[in-house]
Amino acid sequence: MALDAFSEFRCCAWRTVSFRAAEMAAARAEIEGAHPGDAIVVSCQRLEAYGFGPCDCAAPEQVTGLPAIERLAAVAAGLESVVLGEDQVLGQVRAAFKAAPRELRLAADLAIGAARALRAETDFDSHSGHLLDKALRLSTLQPGGRLLVLGVGAMGKLVASRANELGFQVTVAARRRPEAPSFEFVELGRVPSLPAFDVIVGCLGSGAGEIAPRVLPTARLLIDLGTPRNFNVPSGPGAIAISDMLEDEQQRPHAMARRRKLRARLGELLKERLSHAAVDSRNPVGALRAEIEAIRQAELIRYRRLHPGVPPEVLDAITRSLIEKVMHQPTARLKSLDADTAREFAGLFTAGS
Ligand SMILES: [Zn+2]
């Protein structure tokens, strides 16, 4: 795929941070309706439609070409998340592109590849559970005491274990009991009858609807990590939402500088990948490399499944380095051959050409 193929790549974005359930549902319906065939990425801050070609929807923000693919890479790398470098968002991006047309998946693979490379070389020590730390710091409440987590999805689990690390006595609530609950479990319907907590954290998904504070046990602090919002309460000293944490982060010059630096590095990694992808497929070296990369990607999916204990970044780095070693000399020699011989040689590897 040539580099200019991405000049039409486009992102239409809506800010949805701490949207209420009804607003979120309306925005989602509008965006999905206006972007048939696009990949819709839902993160805790934005709804974004990625596709090819112009779009005349009412998105407050629209970027095209390189900036759009850079943006996707930054989202996938967690550089746009409140907790810098959190890795949950990578799965959300992958899920959004899973059923997308091939062209879109190729663009996403490049962005995800660059995001993974950045993660592999960067020491991100935070996962989404550290949203709890941020919220506590904002509230000035000391860790400790009783904490209730609503929801046992990915976010709920991370927050529960982080709360445990911080010394809270943790209770989790959900509609259904998890198979092997790590903490005291109650059914969601029983929550209103529970005694008081120090902190209640909402990590319920979009299907949960909004919870009025009067049905919750009393708490000194409500932390709303739901997308859309879980709690129908305005932000204040006793109620903190993702938008409050985002605002706080934006007022930290060091944090913002680090994000800018990481974005710049990610841009370099992305450009490397784009220029590899840009090698015209009629060029025998490019065709050969593209074919080998496609095999590597397919095998990676298998390896990840076979070896769930090995971090994907490690599998990626090992396979990439092995192929680089094996292909270094043949690639250099191939480039010095006359075009017909080179094409014939490359043809031994490439499918159906
Ligand atoms: Zn649009």
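Residues numbered from 1 in each chain as written. Predicted model: local features only at pLDDT ≥ 70, side-chain atom pairs only at ≥ 80, totals over all residues. Heavy atoms only, no water.

Asker: Tell me what's going on with the overall build of the protein, and back it up with residues and numbers.
Answerer: Check the secondary structure of the protein and you find 11 helices and 10 strands. Dimensions of the protein, computed from C-alpha atoms along their principal axes, come out at roughly 80 × 45 × 40 Å. Looking at the protein residue by residue over its 353 residues, the buried ones come to 46%. Excluding contacts between residues fewer than 6 apart, the proportion of contacts in the protein whose partners are at least 24 apart in sequence is 64%. Of the accessible surface of the protein, which amounts to about 17900 Å², a share of 54% is contributed by carbon and sulfur atoms. (Helix = DSSP H or I, 4+ residues; strand = E, 2+ residues; numbered from the N terminus. Buried < 20%, exposed > 50% of the residue type's maximum accessible area, 1.4 Å probe, protein only. Contact = heavy atoms within 4.5 Å. Areas by Shrake-Rupley, 256 points an atom, 1.4 Å probe, with all protein chains shown as cover.)

Asker: Mind laying out the pairing of strand 5 (residues 145-150), listing which residues take part and the relevant values?
Answerer: In the sheet, strand 5 pairs with strand 6 (residues 168-174) via 6 bridges, with the strands oriented parallel. Each residue of the ladder has a partner; that of Arg146, found in strand 6, is Gln169. Viewed along the sheet, the connection from strand 5 through helix 6 (residues 154-165) into strand 6 turns out right-handed. When strand 5 meets strand 8 (residues 197-202), the two strands line up parallel, connected through 4 bridges. Bridge pairing in strand 8 links Leu148 to Ile200. (Pairing = 2+ DSSP bridges. Right-handed = clockwise from strand over helix to strand, strands pointing away.)

Asker: A description of the sheet that holds strand 7 (residues 184-187) should follow, citing residues and the corresponding values.
Answerer: Pairing is parallel in the open sheet, where 6 strands are placed in the order 7-6-5-8-9-10. Either end of the sheet is taken by a strand with one partner, and the two such strands are strand 7 and strand 10 (239-241). Here the strands of the sheet are splayed against their neighbours by 20° on average, with no regard to which way each runs. Looking at chain direction, strand 9 (residues 219-224) and strand 10 are connected through 3 bridges and run parallel. Paired with Asp224 across the bridge in strand 10 is Ala241. Against the sheet, helix 5 (residues 131-139) touches strand 5, strand 6, strand 8, strand 9 and strand 10, its axis set at about 130° to strand 9. Strands in contact with helix 6 are strand 5, strand 6 and strand 8; relative to strand 6, the strand with the most contacts, it is inclined by about 160°. (Axes fitted to C-alpha atoms, helices over the stretch in contact; angles between N-to-C directions.)

Asker: Before we move on, can you summarise the nonpolar core with the specific residues and values?
Answerer: With 39 residues, the main nonpolar core has Ile69, Leu79, Val93 and Phe97 as its most contacted residues. Only strand 1 (9-15), strand 2 (39-42), helix 2 (66-76), helix 3 (88-98), helix 4 (102-121) and helix 8 (253-278) provide two or more residues apiece to this core. A total of 10 residues in this core trace back to one element, the largest contributor, which is helix 4. With residues up to four places along the chain from it excluded, the contact list for Phe97 reads Ala39, Val41, Tyr50, Leu72, Leu104, Arg105 and Ala108. The next biggest cluster of nonpolar side chains, apart from the first, holds 30 residues, and it includes Val172, Phe185, Val199 and Cys203. (Core = buried A, V, L, I, M, F, W, Y, C linked by side-chain atoms within 4.5 Å.)

Asker: Give a description of the coordination of the zinc ion that names residues and reports values.
Answerer: With distances of 2.1 to 2.3 Å, the protein atoms coordinating the zinc ion are Cys12 (SG), His35 (NE2), Cys55 (SG) and Cys57 (SG). Every donor counted, the 4 donor atoms about the zinc ion form angles of 102 to 120° at the centre, which fits tetrahedral coordination. Sequence positions of the residues that donate to the zinc ion give the spacing C-x22-H-x19-C-x1-C. Residue His35 is found in the loop between helix 1 (21-34) and strand 2, and its partner Cys55 is found in the loop between strand 3 (46-52) and strand 4 (61-64); the two are separated by 20 residues along the sequence. Here the two residues His35 and Cys55 agree in accessibility, since each one is buried. (Donors = N, O, S within 2.8 Å, 3.2 Å for Na, K, Ca; no water. Tetrahedral: all angles 85-135°; square planar, octahedral: opposite > 155°, others 65-115°.)

Asker: Can you break down the packing of helix 2 against helix 3 residue by residue, with the values?
Answerer: Across the interface, helix 2 lies against helix 3 with an axial gap of 8 Å and an inter-helix angle of 130°. In this view, helix 2 runs oblique relative to helix 3, as classed from their interaxial angle. Residues Leu72, Val75 and Ala76 of helix 2 lie in contact with helix 3, whose contacting residues are Val89, Leu90, Val93 and Phe97. Classifying every residue of the contact of helix 2 with helix 3 gives 7 nonpolar, no polar and no charged. (Parallel < 35°, antiparallel > 145°, perpendicular 65-115°, else oblique. Nonpolar A, V, L, I, M, F, W, Y, C, P; charged D, E, K, R; others polar.)

Asker: Let's hear about a nonpolar patch on the surface: which residues, and what values?
Answerer: A cluster of nonpolar side chains, Val310, Val314 and Ile318, forms an exposed patch at the surface whose accessible area comes to about 220 Å². Position of Val314 among the secondary structure elements: in helix 10 (residues 312-336). (Patch = residues over 30% accessible without salt bridge, like charges linked within 9 Å, V, L, I, M, F, W, Y side chains within 5 Å. Salt bridge = Lys/Arg side-chain N within 4 Å of Asp/Glu carboxyl O.)

Asker: Would you mind going over the side chain of Glu80 in detail, with residue names and values included?
Answerer: Positionally, Glu80 belongs in the loop between helix 2 and helix 3. At 3.5 Å, the side chain of Glu80 and the side chain of Arg46 are in polar contact. Non-local contacts of Glu80, meaning those with residues more than four positions away in its chain, are made with Gln45, Arg46, Ala74, Val75, Arg259 and Arg263. (Polar contact = N/O pair within 3.5 Å; in protein donor to acceptor, adjacent residues only side chain to side chain.)

The quantities given are spatial measurements derived from coordinates; they are silent on function.
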